[in-house]
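Observations on the model geometry
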Amino acid sequence: MLTFSKSLHRIPSSLAVVASMVCSAGYATSSMATNLSHQREVYDQAQEYLDHKQIDKYQEIRGQISDYPLTPYVDYRAFLVDLSQRSPKEVEQFMQSHKDFPFSARISAPYLSSLARTNQWKTLLEFQTTVPKGETYQCHYYTALYKQGNKAEAFKGAELLWQSGGSVSEACDSLFGAWNDAGLRTDEHIIGRMLLSFESRNGSMMGYLAKLLASKEAKQQAIEMKALFDKPETVLEFAQQHPQTSFYQQQTKLALQKLARQNVVLAQSKLTQVATAQKLTASDEQSLADYIAFRLINTNNRALIKWRDSKIATTGNVSLLERRIRLSIQHADWKGVKKWISLLPEEPKQSLRWQYWLGRSELATGKTLEGQQRLEALVGQRNFYSVAAAKEVKRSINYPVTTIQLDKQSIQPFMRSLARIEELVERDKIAAAKSEWRWLLSKVDENQKEMLAAYASYKNWHNLSVTATIEAKMWDNMQLRFPIAHHKWFNFYGEKHSIDPITLMSLARQESALDVEAKSPVGARGIMQIMPSTAKYTARKYEINYSGSNELFEVGKNIEIGSHYLKGLLEQYDNNRIFALAAYNAGPHRVKTWRNRTQGQLDAYSFIEAIPFNETRGYVQNILMFETYYRDLMGVDGAFLNQHEINTRY
């Protein structure tokens, strides 16, 4: 059994080499290595044959890789060739026999598409007996019902799919056409979808839909709706001139919200009259007031401040109340902090966050004993606010830590899957390895997830071990949650730029969970999640050899560019991590805005809390905590905040 405990120190390079040798023990003999090398060559040849749909040639060589871990992947590719010619029974049997593979869940979609493309509607319904997930596949399903004569159910589906504020998959075009030809698509349906498009802020869709209307009355309604969408400042006149029905009330509310996004002061001035004209409910009026108050949170106009706070005082919107508490923290208004926390519902009020700030407000307003006792009660938990409380009452940082033992016997049932994952990792097919890992985790219980997390750590599959700890909710197992990964690169660039390597590793852990091939929806890449534009700018500024965004998936190059960029931010902010980390996440221009608001009147903790973006606030807090965990794991001394960060006025 392998024991994982808290006392892990910085890993020397020699130990990493030994660990790598242990992990590769399965391929120790030269004969096995030769055989594996040959299988990999044959596998690559098989992939090439399938690129050209040469199934016969693939079948000729398949016997040479029958026991190769990744062969099911080429079997899957081969099965997809001429998929539309497969019977539902064949597809279902293939899915069942490959249920241990993530691709088994991906066959239905292309099969449905291939059947729809070849107009095999009867076969489609034999395979898909219930409404599938996904808009495109629902379009195929309901079209098949129509083609097979079940028009009633098909048109019910068409009506449901029609209700969208945006574009609907073109796979629904023929279904919608049949629905319309049957005389079932009414002007009411079109106007209703226009209203959904208004809500989705999709003016072009509203214009398209208006052209489909038939009746004079509906066309006039569309003209008025589009005019209101284009000029929301006319909302009061609209509210006064139209009946007090749910149809016009909805348009009125949407228009006032749009006006608030464009001109919040004008929206506030019209709210009461608009609500009266359309007889909005008290709940609707409060909701609109909340929407406007959010946008007035940083106003300096006294009358608007008074109005804003009067509306927040009656809201049930927890996010708005918390934003108002942060405004009081931003202004160092400790009485205000206490007042607004008192209005929170009991559950958020009792959270570590707001108990910490309630304790701070008590200390600041002279209730020293109450404040000390409240903060003392928060110490000893694995949480940013517990650490902040410990610092305030001068206690040491401590938090619960758990350990587990890796029992190799317990993972024996998963060795076929683990062998595939290992081969995928060895062949640098990381996306497929992550897919296999997530699929495996989805099929095991909590104890097995813990064992798999320990196994991934043993194999130095850093990102996979982090993923498993999240799935298993192993929040107190610091060693598995925070692998000491890529230490050579972090040490090298940390020393080069005079940045603590633990800061770099903690930032990477936050950004990507140590996934060297991570790619965000907006295009940030690699272990430190660098945008290609940032990489290009940084490479040019610091004269770094850089040939394109694909290099950001190379761990060394990514850390080189990321550490240079962070160094620039640290220099810009006098080596203050709070400012630098906030800028790394949200951009220097936003940090400048936030500093202008606080005007140097806050301490470090208050500034962090005053950050209005939830993501950035949590980002800074997490990295500071991650540094604490890594220092404990590696036996390295260090302060939670450096003295100059404590002394700085924010």
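This one's a predicted model, so the numbers in the text were calculated from it and none came from an experiment.

What follows is about the side chain of glutamine 39. Secondary-structure assignment places glutamine 39 in helix 2 (residues 30–51). With residues up to four places along the chain from it excluded, the contact list for glutamine 39 reads Gln64, Ile65, Asp67 and Tyr68.

Now for the UniProt feature "domain: Lytic transglycosylase superhelical linker" (unreviewed entry) in the chain. Feature annotation in UniProt places "domain: Lytic transglycosylase superhelical linker" (unreviewed entry) on residues 417–478, given in this structure's numbering. Each end of residues 417–478 is marked by a C-alpha atom, and these two atoms are 26 Å apart; helix forms 74% of the span and strand 0%.

Attention now moves to the UniProt feature "domain: Transglycosylase SLT" (unreviewed entry) in the chain. As recorded in UniProt, the feature "domain: Transglycosylase SLT" (unreviewed entry) lies at residues 490–602. Secondary structure across residues 490–602 comprises 62% helix and 0% strand; the distance between its end C-alpha atoms is 32 Å.

Moving on, we come to the environment of asparagine 642. For asparagine 642, the position within the fold is in the loop between helix 37 (614–634) and helix 38 (643–647). With 478 residues separating them along the chain, asparagine 642 and serine 164 place their C-alpha atoms 53 Å apart.

The next thing to look at is the packing of aromatic side chains. For the structure on display, the rule yields 37 aromatic pairs. With a centroid separation of 5.3 Å and 90° between ring planes, the pair formed by tryptophan 162 and phenylalanine 176 is classed as edge-to-face. A residue pair is termed long-range when its members are at least 10 positions apart, and tryptophan 162 in helix 9 (residues 151–162) and phenylalanine 176 in helix 10 (residues 173–181) qualify at 14 residues. Here a set of aromatic residues connected by ring pairs shows up, and it is made of Trp334, Tyr356, Trp357, Phe384, Tyr385, Tyr605 and Phe640. Here arginine 353 stacks its cationic end above the ring of tryptophan 354, 6.0 Å away from the centre of that ring. In this structure, arginine 509 is placed above the aromatic ring of phenylalanine 482, and the distance from its NZ or CZ to the ring centre is 4.6 Å.

Attention now goes to the state of the cysteines. Here, disulfide denotes a covalent bond that connects the sulfur atoms of two cysteines. Counted by the stated rule, this structure contains one disulfide. The side chain of cysteine 139 participates in a disulfide bridge whose partner is cysteine 172; the two sulfur atoms lie 1.9 Å from each other. Disulfide cysteine 139-cysteine 172: torsion about the S-S bond near -95°, hence left-handed. Of this pair, cysteine 139 sits in helix 8 (residues 135–147) while cysteine 172 sits in the loop between helix 9 and helix 10, placing them 33 residues apart in sequence. On the basis of relative accessible area, cysteine 139 is assigned to the buried category, the value being 0%.

Structurally, the position occupied by threonine 299 is in the loop between helix 17 (282–295) and helix 18 (302–312). Once the C-alpha coordinates of threonine 299 and valine 265 are considered, the two residues, 34 residues apart in sequence, prove to be 9.7 Å apart. Filtering out sequence-adjacent residues up to four positions away, threonine 299 remains in contact with Leu304, Ile305 and Arg308. For threonine 299, the side chain forms a polar contact with the main-chain nitrogen of asparagine 301, separated by 3.2 Å.

Looking now at unusual backbone geometry. Positive phi outside glycine occurs at asparagine 119, with the angle close to 60°. With relative accessibility at 53%, the residue asparagine 119 sits in the exposed group. Positive phi, close to 60°, is recorded for aspartate 428, a residue that is not glycine. Relative accessible area serves as the criterion here: at 53%, aspartate 428 is assigned to the exposed category.

Attention shifts here to the side chain of arginine 323. Residue placement: arginine 323 occurs in helix 19 (residues 318–330). The side chain of arginine 323 sits in the buried core without any salt bridge; glutamate 609 is the nearest counter-charge, 8.9 Å away. Beyond its immediate sequence surroundings of up to four residues, arginine 323 is in contact with Phe294, Ile297, Asn298, Gln330, Arg597 and Pro612.

When two helices pack together, their arrangement is given by the angle between their axes and by how far apart the axes lie. Interhelical geometry of helix 12 (residues 203–210) versus helix 13 (residues 216–230) gives an angle of 165° and a closest axis separation of 10 Å. Judged by the inter-axis angle, helix 12 sits roughly antiparallel to helix 13. Seen along the crossing, helix 12 lies across helix 13 with a hand that is left-handed. Contacts from Gly203, Met206, Gly207 and Ala210 of helix 12 reach helix 13 at Ala222, Met225, Lys226 and Phe229. In the contact of helix 12 with helix 13, the residues fall into five nonpolar, two polar and one charged.

Looking now at the packing of helix 18 against helix 19. Relative to each other, helix 18 and helix 19 sit at 135°, their axes nearing to 10 Å. The orientation of helix 18 relative to helix 19 falls into the category oblique. Crossing geometry of helix 18 relative to helix 19 is assigned as left-handed. For the pair helix 18 and helix 19, contact is made by Arg308, Asp309 and Ile312 and by Leu320, Leu321, Arg324 and Leu327, respectively.

Further remarks concern the nonpolar core. Side chains of a nonpolar character, in soluble globular proteins, are inclined to be buried together. Counting residues in each nonpolar core, the largest one holds 111 residues, and the members touching the most others are Ile292, Leu418, Trp437 and Leu452. Ignoring sequence-local partners within four residues, the contact set of leucine 418 consists of Ile411, Trp437, Leu440, Leu452, Tyr455 and Trp461. Ala389, Ala535, Phe579 and Tyr619 belong to the second largest nonpolar core, which has 85 residues in total.

Helix length check: helix 19 (13 residues) gives 18 Å between terminal C-alpha atoms against 18 Å at 1.5 Å per residue, within 8%. Within helix 19, eleven of the 13 residues are buried, leaving the element largely enclosed by the surrounding structure. Where helix 19 is concerned, the buried positions are Leu320, Leu321, Glu322, Arg323, Arg324, Ile325, Arg326, Leu327, Ser328, Ile329 and Gln330. With a side-chain oxygen lying 3.1 Å from the backbone nitrogen of serine 319, the N-terminal cap of helix 19 falls on asparagine 317.

Below, the discussion takes up the confidence of the model for the chain. Of all residues in the chain, 95% have pLDDT values of 70 or greater, and the mean over the chain is 94. Predicted confidence is poor over residues 1–29, with pLDDT under 50, and the contacts of this stretch with residues over four places away or in other chains come to 55 contacts.

The next point concerns the pattern of salt bridges. Counted under the stated rule, the structure contains 28 salt bridges. A salt bridge links aspartate 284 to lysine 253; its shortest N-O distance comes to 3.3 Å. Linking aspartate 284 in helix 17 with lysine 253 in helix 15 (residues 246–262), this pair joins segments that are 31 residues apart in sequence. The shortest N-O distance in the salt bridge between glutamate 362 and arginine 374 comes to 2.9 Å. Taken as a pair, glutamate 362 in helix 22 (residues 352–364) and arginine 374 in helix 23 (residues 368–376) lie far apart in primary sequence, twelve residues in all. Assessed through its relative accessible area of 25%, arginine 374 is described here as partly exposed. What emerges from the salt-bridge pattern is a single network uniting Arg577, Glu627, Arg631 and Glu645.

Cut-offs used in this document
- Residues numbered from 1 in each chain as written.
- Predicted model: local features only at pLDDT ≥ 70, side-chain atom pairs only at ≥ 80, totals over all residues.
- Heavy atoms only, no water.
- Helix = DSSP H or I, 4+ residues; strand = E, 2+ residues; numbered from the N terminus.
- Contact = heavy atoms within 4.5 Å.
- UniProt positions renumbered as here; feature names shortened; annotations may be inferred.
- Phe/Tyr/Trp six-rings, centres within 6.5 Å; stacked < 30°, edge-to-face > 60°.
- Lys NZ or Arg CZ within 6 Å of the ring centre and 35° of its normal.
- Disulfide = S-S within 2.5 Å.
- Buried < 20%, exposed > 50% of the residue type's maximum accessible area, 1.4 Å probe, protein only.
- Polar contact = N/O pair within 3.5 Å; in protein donor to acceptor, adjacent residues only side chain to side chain.
- Lys, Arg positive; Asp, Glu negative; His and termini not counted.
- Salt bridge = Lys/Arg side-chain N within 4 Å of Asp/Glu carboxyl O.
- Axes fitted to C-alpha atoms, helices over the stretch in contact; angles between N-to-C directions.
- Parallel < 35°, antiparallel > 145°, perpendicular 65-115°, else oblique.
- Left-handed = near helix turned anticlockwise from the far one by under 90°.
- Nonpolar A, V, L, I, M, F, W, Y, C, P; charged D, E, K, R; others polar.
- Core = buried A, V, L, I, M, F, W, Y, C linked by side-chain atoms within 4.5 Å.
- Expected span 1.5 Å × (residues − 1).
- pLDDT = per-residue confidence, 0-100.

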